[in-house]
Amino acid sequence: MGIVVVEASPQRMVATMPVEGNTQVMGLLHGGASCVLAETLGSLGSMLHVWPDAQVVGTDINATHHRAVTSGVVTGTATAITLGRTLCSHEVVITDEAGRRVCTARITNLVRPLPPGAGAGPQASSA
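Residue numbers restart at each chain and count upward from 1, following the sequence in its written direction. The model is predicted, so local features are restricted to residues of pLDDT at least 70 and side-chain atom pairs to those at 80 or more, both for listing and for counting; the totals for chains, interfaces and linings are taken over all residues. As a rule here, side-chain values come from all non-hydrogen atoms in the structure, and water together with hydrogens is ignored.

Attention now moves to the sheet that holds strand S5 (residues 87–95). One open sheet holds the six strands; their spatial order is S1-S2-S4-S5-S6-S3, and the pairing between them is antiparallel. Each edge of the open sheet carries a strand with a single partner, namely strand S1 (4–8) and strand S3 (54–65). In this sheet, adjacent strand axes meet at a mean angle of 20° when their direction is disregarded. When S3 meets strand S6 (residues 101–113), the two strands line up antiparallel, connected through 11 bridges. What sits directly across from Gln 55, in S6, is Arg 112. Packing against the sheet, helix H1 (residues 31–50) makes contact with S1, strand S2 (12–18), S3, strand S4 (73–83), S5 and S6, and its axis sits at approximately 145° to S3. Strand pairing is defined by DSSP finding a minimum of two bridges between the two strands. A run of DSSP states H or I qualifies as a helix once it reaches four residues; a run of E qualifies as a strand once it reaches two. Both are numbered from the N-terminal end. Angles here are taken between N-to-C directions and fall from 0 to 180 degrees, while the axes themselves are lines fitted to C-alpha atoms, restricted in helices to the stretch in contact. The contact definition used throughout considers only heavy atoms, calling two residues in contact when any of these lie within 4.5 Å.

Moving on, we get to unusual backbone geometry. A cis amide bond links Trp 51 with the next residue in sequence, Pro 52, at an omega value of 10°. Here Pro 52 lies in the loop between H1 and S3.

Here we take up the pairing of S5. Burial classes follow relative accessibility: with a 1.4 Å probe on protein chains only, a residue under 20% of its type's maximum area counts as buried, one over 50% as exposed, and anything between as partly exposed. Counted residue by residue, S5 has seven buried out of nine residues, so it is predominantly covered. In this structure, S4 lies alongside S5, joined through eight bridges in antiparallel fashion. Following the sheet pairing, Leu 83 is matched in S5 by Cys 88. When S5 meets S6, the two strands line up antiparallel, connected through nine bridges. If you follow Ser 89 over to S6, its bridge partner there is Thr 108. The antiparallel pairing of S5 with S6 creates a hairpin that spans five residues between the two strands, and Gly 99 there sits at a positive phi of about 85°.

Take the buried Ala, Val, Leu, Ile, Met, Phe, Trp, Tyr and Cys residues and link them wherever side-chain atoms come within 4.5 Å; each set so joined is a nonpolar core. Ranked by size, the top nonpolar core spans 18 residues in total, and within it Leu 29, Leu 37, Leu 41, Val 74, Val 92 and Ile 94 carry the most contacts. Listed by contribution, the elements that provide at least two residues to this core are S2, H1, S4, S5 and S6. Setting aside anything within four residues of it in sequence, one finds Leu 41 in contact with Met 13, Val 14, Ala 15, Gly 76, Thr 77, Ala 78 and Val 92. Residues Val 50, Ala 54, Val 56 and Cys 88 belong to the second largest nonpolar core, which totals five residues.

See the structure below:
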């Protein structure tokens, strides 16, 4: 997918993605690729909100595609709508290189407890 995260916080995530390699048969940015970018941003933002005490799983994503893109790079900006103890939702706006809105998406993640023995994540160690 070629996604590159350029800003990361629970409240705001920003990433870029090339159009090339992420197109459908007509040569346009694939709507599924836009959804992958949106879900990546919303899920990472939600994970940053709950980690290391919990994990998140996506429960809903929807997207409206506003205009076609055939080349260049798109930028996704996820802004938190709510960061709760049970649900986290982000609005994701994807723009082209001219700053025109290509897609608007919303993703909701369910906050789940960590499985038993998961500890505090990769940094956890036993002495």
